[in-house]
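Residues per chain are reported as follows:
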Amino acid sequence: MNELIAESLELLSDSDTDLYGQVYQHFFRMNPGAETLMTHMDELTLGRMLEEVTRLLMVDDLTAESAYVAFEYNNHKTAYSVQSSMYRQLFDAFVIAVKDAVGEAWRPEFDEAWLRRAKELEQAFDLG
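Residues numbered from 1 in each chain as written. Predicted model: local features only at pLDDT ≥ 70, side-chain atom pairs only at ≥ 80, totals over all residues. Heavy atoms only, no water.

1. As for the overall build of the protein
Within the protein, the regular secondary structure consists of seven helices and zero strands. Each helix and strand of the protein, placed in order from N terminus to C terminus, yields the pattern α-α-α-α-α-α-α. For the protein, whose C-alpha radius of gyration is 14 Å, the value lies close to the compact-globule estimate of 14 Å for 128 residues. Oriented by its inertia axes, the alpha-carbon framework of the protein measures out at about 40 × 30 × 20 Å. (Helix = DSSP H or I, 4+ residues; strand = E, 2+ residues; numbered from the N terminus. Rg over C-alpha atoms; globule rule 2.2 N^0.38 Å.)

This is how it looks when you write it as structure tokens:
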């Protein structure tokens, strides 16, 4: 399953798309309140956040990541009023941006792999 996500991301190598910019554009359209919450973040911090999301999409052992993500989630929830639904919206925005960027090279099995991984992340980190 992670192989399909990796393969879909590899299709971006020929693209000059600002993927992270597109992810945030979709994310903020889905949840305008998230944009307001994130106004304090600079471009470097926004980039690091999506680098971490990318890493979590690819990691094999989600159990090993549970304590780290639980800490981050609880910190964001307490300090910034982040809601668990925002994580799913961010995952959804990520896949939309990748799908748009790769265009006709996108295959239906990528949809299922991304959906499955988002659900796994929600379950592993108790975000659902």
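Still more to cover.
2. Regarding the nonpolar core
Core analysis: the biggest nonpolar cluster contains 37 residues, and V23, F27, F94, V98 and W114 have the highest contact counts within it. When contributions to this core are tallied by element, the ones reaching two or more residues are α1 (2–10), α2 (19–30), α4 (43–58), α5 (62–80), α6 (84–102) and α7 (108–124). Residue contributions to this core peak at 10 residues, all from α6. With sequence-adjacent residues up to four places away left out, W114 is seen in contact with I5, S8, L9, L57, F94, V95, V98 and W106. (Core = buried A, V, L, I, M, F, W, Y, C linked by side-chain atoms within 4.5 Å. Buried < 20%, exposed > 50% of the residue type's maximum accessible area, 1.4 Å probe, protein only. Contact = heavy atoms within 4.5 Å.)

3. Some thoughts on the packing of α2 against α6
At a minimum axis separation of 8 Å, α2 and α6 run at an interaxial angle of 130°. On the basis of the axis angle, α2 is oblique to α6. Crossing hand, α2 versus α6: right-handed. Mapping the contact onto sequence places L19, Y20, Q22, V23, H26, F27 and M30 in α2 and M86, Q89, L90, D92, A93, F94, I96, A97, V98 and D100 in α6. A class-by-class count of the residues in the contact of α2 with α6 yields 12 nonpolar, three polar and two charged. (Axes fitted to C-alpha atoms, helices over the stretch in contact; angles between N-to-C directions. Parallel < 35°, antiparallel > 145°, perpendicular 65-115°, else oblique. Left-handed = near helix turned anticlockwise from the far one by under 90°. Nonpolar A, V, L, I, M, F, W, Y, C, P; charged D, E, K, R; others polar.)

4. Points about the environment of Y24
Looking at where Y24 falls in the secondary structure, it is placed in helix α2. Under the relative-accessibility criterion, Y24 is labelled buried at 7%. Linking Y24 and L50, residues 26 residues apart in sequence, is a C-alpha distance of 9.2 Å. When residues no more than four places from it in sequence are discounted, the contact partners of Y24 are M38, L46, M49 and L50.

5. Quick look at the confidence of the model for the protein
Detailed reading of the predicted coordinates is not advisable wherever pLDDT falls low. Per-chain confidence: the protein averages 88 in pLDDT, with 97% of residues scoring 70 or above. When pLDDT is averaged over each helix and strand of the protein, the minimum, 81, is found for α5 and the maximum, 95, for α2. (pLDDT = per-residue confidence, 0-100.)

6. Examining the packing of α1 against α4
The relative placement of two packed helices is expressed as an angle between their axes plus a distance between the axes. In the contact formed by α1 and α4, the axes pass within 9 Å of each other and the chain directions differ by 140°. As summarised for this structure, α1 and α4 are arranged oblique, according to the angle between their axes. Of the residues in α4, those in contact with N2, I5, A6 and L9 of α1 are T54, L57 and M58.

7. Re the side chain of N31
Its place among the elements puts N31 in the loop between α2 and α3 (32–37). Since its relative accessible area comes to 13%, N31 is described here as buried. A polar contact is formed between the side chain of N31 and the side chain of Q89, at a distance of 2.8 Å. Beyond its immediate stretch of four places on either side in the chain, N31 contacts M86 and Q89. (Polar contact = N/O pair within 3.5 Å; in protein donor to acceptor, adjacent residues only side chain to side chain.)

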